[in-house]
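Here are the chains, one letter per residue:
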Amino acid sequence: MKSTLIDVHTHIYPPAYLRLLRSRKQVPYLLDLPNHEGDEDSTHSDSPSPRLIILPSDNDQRIPPAKRGRPLDSGYSSVPEILEFMDVHGIGKSILSLANPWLDFLPASEGPKWALTINQELEEVCASSEGRLYTFGALPLSAPPPQICEAIQSLGGSPHVKGVIIGTSGLGQGLDDPALEEVYATLQQSQTLVFLHPHYGLPSTVYGPRAHESGHVLHLSLGFPLETTISFTRMYVSGVFDRFPRLKILIAHAGATIPFLAGRISSCIEHERLYHDMDGTRVGGPERSLQEVLTTNVWVDAVVYSASAVQAAADVVGRDRVLFGTDHPFFPPLKAGAEEWMSVKTNVQAVREAFEKAEVVDGILGGNATKLLDLP
Ligand code: 5CU
């Protein structure tokens, strides 16, 4: 297959990170299974794969251990398997990012050294990939802002780093936290692309007492995109993009529900009494329009599994600001032995179905990423 696709959304747990998870007993951690609890999902080994317990809901004691979280097979960390996955799906280049929950859970004193270790491992993997792998670096977000800024600056020296990945919690208070100003200033000044990705979802109470019966469905399909939507909207209404108008942000999962809700968000701002005086003159709230921010600061991936959704996202942010992604190693085929991943095929087809013009399809499947990330 011709390898022309560029995958901007593909995750990895490098060996150092797996060692970190293995050393822990609280979420996130690896749950080893005794042999008799054999994991039917695992297709890679005779002994049961440990379970990857990363989401708070994964730790639900009502779920049997062999079904908790997901099986950690080698696809989560093996670079040869990633390259093979790329070959099977015609992916020429991939941008690897550390998967959730990144380094968010570490004590402040440990974040920077782990960020350094993980980012070095990722840079080495990419450097020996003959131009096929690049990376979004991880940030030690639990550390004090000056150390986060130092980490951003040190990534500038790594030739394969194309930006950073962050979750929605920031320093613990979200991405509208004034304490992040120094970090945003550094990101803007260095023109570092920020890949915004969810992990925390919504408070578990919203899913009701039967949530454990549907596994990850509610959390991943609704919690993830709503978390991203809320996080980005908080950044916008708090004026982050007014103060840092050259910030560059790539929003996961086709911009979550932001493209769909952009009009409503803008209308709520236009009707917010706190933002207007008695004459109706604007006295507060974000200065730049959401439309302007979405078409100048924002890019989105195309991981949305639907032609109409990817089209809607492109209508709002611009067709040249949508970038193909796979979300590997999440959403693997559940059928043993399947080579092609339905999740990947669905996303490629959605792009081909949504747009008639070959140049738009080619842009989304690879050209836009080449330009944004300055890929060879
Ligand atoms: O949908 C996704 O992006 C993911 C992810 O990145 N991590 C995860 O735990 N589940 C789904």
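Calculation rules
- Residues numbered from 1 in each chain as written.
- Predicted model: local features only at pLDDT ≥ 70, side-chain atom pairs only at ≥ 80, totals over all residues.
- Heavy atoms only, no water.
- Helix = DSSP H or I, 4+ residues; strand = E, 2+ residues; numbered from the N terminus.
- Rg over C-alpha atoms; globule rule 2.2 N^0.38 Å.
- Buried < 20%, exposed > 50% of the residue type's maximum accessible area, 1.4 Å probe, protein only.
- Contact = heavy atoms within 4.5 Å.
- Areas by Shrake-Rupley, 256 points an atom, 1.4 Å probe, with all protein chains shown as cover.
- Lys, Arg positive; Asp, Glu negative; His and termini not counted.
- Charge placed at Lys NZ, Arg CZ, Asp CG, Glu CD.
- Patch = residues over 30% accessible without salt bridge, like charges linked within 9 Å, V, L, I, M, F, W, Y side chains within 5 Å.
- Salt bridge = Lys/Arg side-chain N within 4 Å of Asp/Glu carboxyl O.
- Pairing = 2+ DSSP bridges.
- Axes fitted to C-alpha atoms, helices over the stretch in contact; angles between N-to-C directions.
- Parallel < 35°, antiparallel > 145°, perpendicular 65-115°, else oblique.
- Left-handed = near helix turned anticlockwise from the far one by under 90°.
- Nonpolar A, V, L, I, M, F, W, Y, C, P; charged D, E, K, R; others polar.

Student: I'm lost on the overall build of the chain in this one. Help?
Tutor: Within the chain one finds 13 helices and eleven strands. Over its C-alpha trace the chain gives a radius of gyration of 20 Å, about what one expects of a compact globule, namely 21 Å for 376 residues. When the backbone C-alpha atoms are referred to their principal axes, the chain occupies close to 70 × 45 × 45 Å. Buried residues in the chain amount to 55% of all 376 residues. Considering only intrachain contacts with a sequence separation of at least 6, the fraction spanning at least 24 residues in the chain is 72%. For the chain, the computed accessible surface area is about 17,000 Å², with 54% contributed by carbon and sulfur atoms. Side-chain charges in the chain split into 30 positive and 44 negative, and the spacing between the mean points of these groups amounts to 1 Å.

Student: Can you walk me through a nonpolar patch on the surface in this structure?
Tutor: A surface patch of nonpolar side chains, about 230 Å² in accessible area, is lined by Leu222, Leu226 and Ile230. Secondary-structure assignment places leucine 226 in helix 6 (residues 217-237). A residue is classified by how much of its surface remains accessible, and leucine 226, at 31% relative accessible area, is partly exposed.

Student: Could you clarify how one ought to interpret the pairing of strand 6 (residues 133-138) in this entry?
Tutor: Residues in a regular strand project their side chains so that they alternate between the two faces of the sheet. Of all six residues in strand 6, six are buried, a share of seventy percent or more. Alignment of strand 5 (residues 91-98) against strand 6, held across four bridges, turns out to be parallel. Bridge pairing in strand 6 places leucine 96 opposite threonine 135. The pairing of strand 6 with strand 7 (residues 161-166) spans four bridges and is classified as parallel.

Student: Got a minute to help me understand unusual backbone geometry in this structure?
Tutor: A negative phi angle characterises most non-glycine residues, just as the trans form characterises most peptide bonds. With an omega of 0 degrees, the peptide bond running from valine 27 to proline 28 counts as cis. Note that proline 28 resides in the loop between helix 1 (15-22) and strand 2 (29-31). In this model, histidine 328 is joined to proline 329 through a cis peptide bond whose omega is 5 degrees. The residue proline 329 is located in the loop between strand 11 (322-323) and helix 12 (342-354) in this model. Located in the positive-phi region is glutamine 191, a residue other than glycine, with phi close to 55 degrees.

Student: Sorry, what's going on with the packing of helix 4 (residues 145-155) against helix 5 (residues 181-189) here?
Tutor: Two measures define how a pair of helices packs: the angle their axes make with one another and the distance between the axes. With their axes 9 Å apart at the nearest point, helix 4 and helix 5 run at an angle of 15 degrees to one another. Relative to helix 5, the element helix 4 lies roughly parallel. In this structure, the crossing between helix 4 and helix 5 has a hand that is right-handed. Seen from helix 4, the contacting residues are Pro145, Pro146, Ile148, Cys149, Ile152 and Gln153; seen from helix 5, they are Glu182, Val183, Thr186 and Leu187. Of the residues that constitute the contact of helix 4 with helix 5, the class distribution is seven nonpolar, two polar and one charged.

None of this, on its own, says anything about what the molecule does.
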